[in-house]
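Each chain is listed here by its residues.
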Amino acid sequence: MKPLRRLQTVSDGWTVLASIAKANLRGVCVPLIASWNVTFRCNCRCAYCASASLAGEELDTTAALTLLDDLTALGMRWVTFSGGEPLLRQDLGRLIGRAKGKGLYVRLSTNGILVPSRLDELRGLDMVSISLDGPEGVHDAVRGRGTFAKALNAFDACRGAGIAASAVCTLNQHNINSVDELLGIAGRAGVSIMFQPATTWINLGRQPNPVALQVQQYRRVMEHLIELKGHGAAITNSVKGLRYLARWPEASAIACFAGRVICSIQPDGGIVACALFEDACQGGTQQREAPLAERLAAVRRQKVHCNRCWCAPLVELNYVLSLSPGAIMNVLRIGR
């Protein structure tokens, strides 16, 4: 990692940790870190995802900017714009610009297809995370013809614009035998890659995931990734995070900060402790008509009890917030 990037990473970490300490001392309900699904619309139909089937009402630009302003005023320090495909929102550049103008740490999670055409709006981002599910034949089988080339174009565009980028891979039946090749592709693109499993169910649990791995298949590939990480492979997950994910889908305890430090914002402006398992949150999406402070207080009271987190970024974040030395050192080494 370059020295300046290392200093920025340390500074970002201390900013968030200081905000957490202040919030705890004041007893204030502050969502310091928010994952904002700005839309469920998507220009891909990935085999392991049914996001597009959830498409519904979305906040308009004015309402989205107002919510961003209000959350920042209450202490939010970090926001990840996600989806669906967030770049399908034509106003995403305005949201990014407003967030950066207020001093937030801002990330974007995308399939990469629209990145080159929206590059000017993305230049202020702290990180762009781009999906990469395998070599060309595998990636295109999962996400659609031509999507692999577009993902690589997105990495090239980010590199040319000086925007930090990383990759994320969802392990599934198509790419189980391709992780070594995939790491090589990511290495040539100059990025590290984070791994996580495809869920066993999609469409809010209404149908089995057709490409989910069998448990033993999944465990074997995770053990292989742990071994590769130990040999210095550019894997974004920490060893501790990989070991936790290797036990999925079995129940496995982890200190979860959902609702206390982390929250999720839905396209319609609803706020929940964690969108990944909404049925595991008591209270559900908060009514948008209620004052924001009341909505956030209700989110803080939600009891998250899924005890089997599969989302790798959240696993890593929970370990960092728990002050796990291995997870913190991993962040400093990887620079993400």
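Every chain is numbered on its own, with residues counted from 1 as its sequence reads. Totals for whole chains, interfaces and linings use every residue, but because this is a predicted model, local features are given only for residues with pLDDT of at least 70 and side-chain atom pairs only at 80 or more, for both listing and counting. As a rule here, side-chain values come from all non-hydrogen atoms in the structure, and water together with hydrogens is ignored.

## So, the packing of helix α7 (residues 179-188) against helix α8 (residues 215-230)
Next up, step 1: Contact pair α7 / α8: the axes reach a minimum separation of 11 Å and the direction vectors enclose 40 degrees. As the angle between them shows, α7 and α8 are arranged oblique. Along the contact surface, α7 presents Val179, Asp180 and Leu183, while α8 presents Val221, His224, Leu225 and Leu228.
Next up, step 2: Of the residues assigned to the contact of α7 with α8, the class counts are five nonpolar, one polar and one charged. The axes used here are C-alpha line fits, helices contributing only the stretch in contact, and every angle between their N-to-C directions lies in the interval 0 to 180 degrees. By definition, any uninterrupted DSSP run of H or I lasting at least four residues is a helix, any uninterrupted run of E lasting at least two residues is a strand, and each is numbered from the N terminus. If an angle is under 35 degrees, it is roughly parallel; if it is over 145, roughly antiparallel; if it lies from 65 to 115, roughly perpendicular; otherwise it is oblique. Two residues qualify as a contact provided that any one of their heavy atoms is within 4.5 Å of a heavy atom in the partner residue. Nonpolar residues are Ala, Val, Leu, Ile, Met, Phe, Trp, Tyr, Cys and Pro. Charged residues are Asp, Glu, Lys and Arg, and all others, Gly as well, are polar.

## Regarding helix α3 (residues 92-101)
Next up, step 1: Within the sequence span of α3, burial applies to Leu92, Gly93, Leu95, Ile96 and Ala99. Angularly, the buried residues of α3 cover 160 degrees about the axis, an arc narrow enough to put them on a single face. In this structure, α3 carries Arg94 and Gly101 as exposed residues pointing more than 90 degrees from its buried face.
Next up, step 2: Buried residues in α3 make contact with α2 (61-73), β2 (78-82), β3 (105-110) and α4 (119-122).
Next up, step 3: Phi turns positive, to about 85 degrees, at Gly103, one or two residues after α3. Classification of residues uses two cut-offs on accessible area relative to the type maximum, computed with a 1.4 Å probe and protein chains only: under 20% is buried, over 50% is exposed, and between them is partly exposed. This arc corresponds to the set of directions leading from the helix axis out to the C-beta atoms.

## What to know about unusual backbone geometry
Peptide bonds are, in most cases, trans, and in most cases residues other than glycine have a negative phi.
Next up, step 1: The step from Gly83 to Gly84 runs through a cis peptide bond, and the omega angle for that step is 25 degrees.
Next up, step 2: In this chain, Trp248 is followed by Pro249 through a cis amide linkage whose omega measures 10 degrees.
Next up, step 3: With respect to the secondary-structure elements, Pro249 resides in the loop between α9 (239-246) and β9 (262-265).
Next up, step 4: Located in the positive-phi region is Leu323, a residue other than glycine, with phi close to 60 degrees.
Next up, step 5: Along the polypeptide, Leu323 turns up in the loop between α11 (312-321) and α12 (325-334).
Next up, step 6: Residue Leu323 is classed as exposed on the basis of its relative accessible area, which comes to 52%.

## Considering the environment of Leu92
Next up, step 1: Within the secondary structure layout, Leu92 lies in helix α3.
Next up, step 2: Among residues more than four places away in sequence, those in contact with Leu92 are Val38, Phe81, Pro86, Leu87, Leu108 and Arg118.

## Describing the pairing of β2
Look at any regular strand and the pattern is simple: side chains alternate between the two faces of the sheet.
Next up, step 1: When you tally the buried positions in β2, you get five out of five residues, the bulk of the element.
Next up, step 2: Judged by which residues are buried, β2 turns out to be covered on both faces: Trp78, Thr80 and Ser82 on one side and Val79 and Phe81 on the other are all buried.
Next up, step 3: Here, a strand pair is defined by DSSP locating no fewer than two bridges between the strands. Alignment of strand β1 (residues 33-37) against β2, held across five bridges, turns out to be parallel. Across the sheet, Ile33 pairs through a bridge with Trp78, a residue of β2.
Next up, step 4: Note: β2 against β3, four bridges, orientation parallel. Its bridge partner being in β3, Val79 is matched across the sheet by Val106.

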